[in-house]
Amino acid sequence: MTTAALDQPHAGGINKKFLIGGFIILAAVGLLVMNGLSTASVYYLTVSEARTQLRAGGSDIVRINGVADLSTVKYDAQNLNLAFDVVEGGNRLPVVFHGVVPDTFNQSESVVVEGTLNSKGVFEARTLLVKCPSRYEPVVAPSS
């Protein structure tokens, strides 16, 4: 064999490099997708589940679904602080939220709050989502 033949890269060696590089890229993309799905797949806790599963002062970020008790609403518009209770049956959880309140909050059927339970047992919401009444759904004309 000549020295020129030894200096030539083997075609199989190049394919192996591309194959290994492609596998590493696919593995990295797969890990990113799985991580994104696991954080986005947080389900809603009910108020009673939140009462039993969350510990005060914990750092677990969860979503809680319930009905906002509008008789407990206290809103400081100047500082954008909202306080209210979320209820489910006989269970009640005080919530505080700092931010702009959705326009449909007072007509909501239910709310979803995302945040943590502070050391005083008050849920500090960083996100407030409102489920609007069904009157916003399209009306189907009756058949004649």
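Undergrad: A description of the nonpolar core should follow, citing residues and the corresponding values.
TA: Ranked by size, the top nonpolar core spans 22 residues in total, and within it I64, F84, F105 and F123 carry the most contacts. Contributions of two or more residues to this core are made by α3 (47–53), β2 (62–76), β3 (81–88), β4 (91–98), β5 (110–117) and β6 (123–131). For this core, the element with the highest residue contribution is β6, accounting for 4 residues. Excluding its chain neighbours within four sequence positions, the residues that come into contact with I64 are L45, T46, V47, A50, L54, L93, V111, V112, V113 and F123.

Undergrad: Tell me what's going on with the pattern of salt bridges, and back it up with residues and numbers.
TA: This structure, assessed with the given rule, holds 4 salt bridges. Here E114 ties to R63 by a salt bridge, and the two come within 3.1 Å at their closest N and O atoms. Linking E114 in strand β5 with R63 in strand β2, this pair joins segments that are 51 residues apart in sequence. Since its relative accessible area comes to 14%, E114 is described here as buried. The class of R63 is partly exposed, set by a relative accessible area of 22%.

Undergrad: I'd love a proper account of the pairing of β4, names of residues and values included.
TA: Where β3 lies against β4, 8 bridges are found, and the strand directions are antiparallel. By the bridge assignment for β4, A83 is matched with V96. Between the antiparallel neighbours β3 and β4 lie 2 residues, among them G89 with a positive phi of about 60°. Inspection of the sheet shows β4 paired to β6 by 3 bridges, in the parallel sense. If you follow V95 over to β6, its bridge partner there is F123.

Undergrad: Tell me about the pairing of β3, and name the residues and values.
TA: Two strands pair when backbone bridges link them, and β2 and β3 are joined in this way by 6 bridges, in the antiparallel orientation. Each residue of the ladder has a partner; that of D69, found in β3, is D85. As consecutive antiparallel partners, β2 and β3 are separated by 4 residues, and within that stretch L80 has a phi angle of approximately 55°, a positive value.

Rules used in this analysis
- Residues numbered from 1 in each chain as written.
- Predicted model: local features only at pLDDT ≥ 70, side-chain atom pairs only at ≥ 80, totals over all residues.
- Heavy atoms only, no water.
- Core = buried A, V, L, I, M, F, W, Y, C linked by side-chain atoms within 4.5 Å.
- Buried < 20%, exposed > 50% of the residue type's maximum accessible area, 1.4 Å probe, protein only.
- Helix = DSSP H or I, 4+ residues; strand = E, 2+ residues; numbered from the N terminus.
- Contact = heavy atoms within 4.5 Å.
- Salt bridge = Lys/Arg side-chain N within 4 Å of Asp/Glu carboxyl O.
- Pairing = 2+ DSSP bridges.

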